[in-house]
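# Examination of the molecular architecture
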Amino acid sequence: MDEPAPHRAPGMTRVAAIDAGSNAIRFVVADFDPPASYTVVHRIREPIRLGHRVFTRGGLDDDTMDRALAAFRLFRREIDAYGVEHLRAVATSATREAENRDRFLDRILAESDIALEPISGREEARLVHLAVGGRVDLSQGRWILVDLGGGSVEVSLVDDTGILWSESYRVGTVRLLETLAEAEGCHDSLLAWVRRQLRPLTIPPPEAYPGPTAFAATGGNIDEIARLALSYVDPLKPAILSLDRLDAVVHLLSMMTVPERLHELRLRPDRADVILPAALVYRHFAEMAGAGRIVVPSVGVKEGVLLDVAAGVGAWSEHRH
């Protein structure tokens, strides 16, 4: 029997966020104690690869669309059961690039009464900056933030005042794997293919950000890489991953097949195939930034959405009074 949804404490606001990414769809419910302190009370991760075929064929296939619709119907039931007061649902590169996205969005709205909003890479970067700022002190110097998904990577130069520079590149883990599979006659290994795709990707030159600069990475893959490298990661505290340990994980993963990663490392099926290209992407940007270590805050778009919605609710409440 399902356990009843927890009641909200007095004065708390219940907010939900949906992040329809290219490799998985994430749903989270949190109770906010204004203005920004929150407790997660429920979360779901659906391993639905919306990027499947979008990056090579242009559109969402029927099976993927149907599985996503079933997930959104589940989210609607959970939203109602948990008494969610405020919700925002966002979709990233796979949905915004899909030729048949309007049909997909219309069906989600009709079948779940959830308005799914495709967002730009710039908006992704803003939400990630918001999430990281809620977990890490950004006031000391400037930071390079790298948020890697299945379809794109957002790279930003930030400080505690906001985003100083940002770029979104169409290089994501699912896109890399599927474009390699479609490249008939290409004899590159996965490592060689990924490294070749990364060559044009850059960050601002060091003179653009004088003074101390730190490097932080977000996304499900870097969280898993940190777990592999460090054995234990506290999900409520940022982890510190040295480049030496990252290189050790890259070496380990490159020596294993996907089935071996599933069995020996206990990775999820939708993580085992994309984690190596992800590690190479993070390694590329860390090297370009001259970083000897990577801060892993264990937050991402969905946490940024939660904070953004809660801030909007607070501003509206203050204005009303």
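Being a predicted model, the structure only gives us computed values, none of them experimental. (Residues numbered from 1 in each chain as written. Predicted model: local features only at pLDDT ≥ 70, side-chain atom pairs only at ≥ 80, totals over all residues. Heavy atoms only, no water.)

## Focus: the side chain of S22
- With respect to the helices and strands, the residue S22 is situated in the loop between β1 (13-20) and β2 (25-33).
- If near-sequence neighbours (up to four positions away) are discounted, S22 is found in contact with R49, L50, G51, F55, T92, S93, A94, G150, G151 and V174. (Helix = DSSP H or I, 4+ residues; strand = E, 2+ residues; numbered from the N terminus. Contact = heavy atoms within 4.5 Å.)

## Quick notes on the confidence of the model for the protein
- A residue-level look at the protein finds 93% of positions with pLDDT of 70 or above and a mean pLDDT of 89.
- In the model, residues 315-321 has pLDDT below 50 throughout and makes zero contacts with residues more than four positions away in sequence or in other chains. (pLDDT = per-residue confidence, 0-100.)

## Topic: the pattern of salt bridges
- Applying the stated criterion to the full structure yields 22 salt bridges.
- The partner of R14 in a salt bridge is D31, and the shortest N-O contact between them spans 2.7 Å. Residue R14 is found in strand β1, and its partner D31 is found in strand β2; the two are separated by 17 residues along the sequence.
- The exposure class assigned to D31 is buried, which follows from its relative accessible area of 6%.
- A salt bridge links R103 to D62; the shortest N-O distance between them is 3.8 Å. Residue R103 is located in helix α4 (residues 101-112), and its partner D62 is located in helix α2 (residues 62-81); the two are separated by 41 residues in the primary sequence.
- Here R103 falls in the partly exposed class, since its relative accessible area comes to 42%. (Salt bridge = Lys/Arg side-chain N within 4 Å of Asp/Glu carboxyl O. Buried < 20%, exposed > 50% of the residue type's maximum accessible area, 1.4 Å probe, protein only.)

## Observations regarding helix α9 (residues 243-254)
- Counted at 1.5 Å a residue, the expected span for α9 with its 12 residues is 16 Å, and the 16 Å between its end C-alpha atoms agrees.
- Taken together, the buried residues of α9 touch α8 (220-230), β10 (239-242), α10 (258-264), α12 (275-288) and β11 (293-296). (Expected span 1.5 Å × (residues − 1).)

## A word on the pairing of strand β6 (residues 142-148)
- Taken across its seven residues, β6 has six buried, putting it largely inside the fold.
- As paired strands, β6 and strand β9 (residues 213-218) are joined by six bridges and run parallel to one another. Paired with W143 across the two strands is A214, which belongs to β9.
- Pairing between β6 and strand β7 (residues 153-159): six bridges, direction antiparallel. Residue pairing for β7: I144 is matched across the bridge by L157. (Pairing = 2+ DSSP bridges.)

## Some words on the packing of α2 against α4
- It is at 9 Å that the axes of α2 and α4 come closest, and there the two elements cross at 35°. By crossing handedness, the relation of α2 to α4 is classed as right-handed. The segment α2 lies against α4, with D62, M65, D66, A68, L69, F72, R73 and R76 engaging R103, F104, R107, I108, E111 and S112.
- Here the contact of α2 with α4 is composed, by residue class, of six nonpolar, one polar and seven charged. (Axes fitted to C-alpha atoms, helices over the stretch in contact; angles between N-to-C directions. Left-handed = near helix turned anticlockwise from the far one by under 90°. Nonpolar A, V, L, I, M, F, W, Y, C, P; charged D, E, K, R; others polar.)

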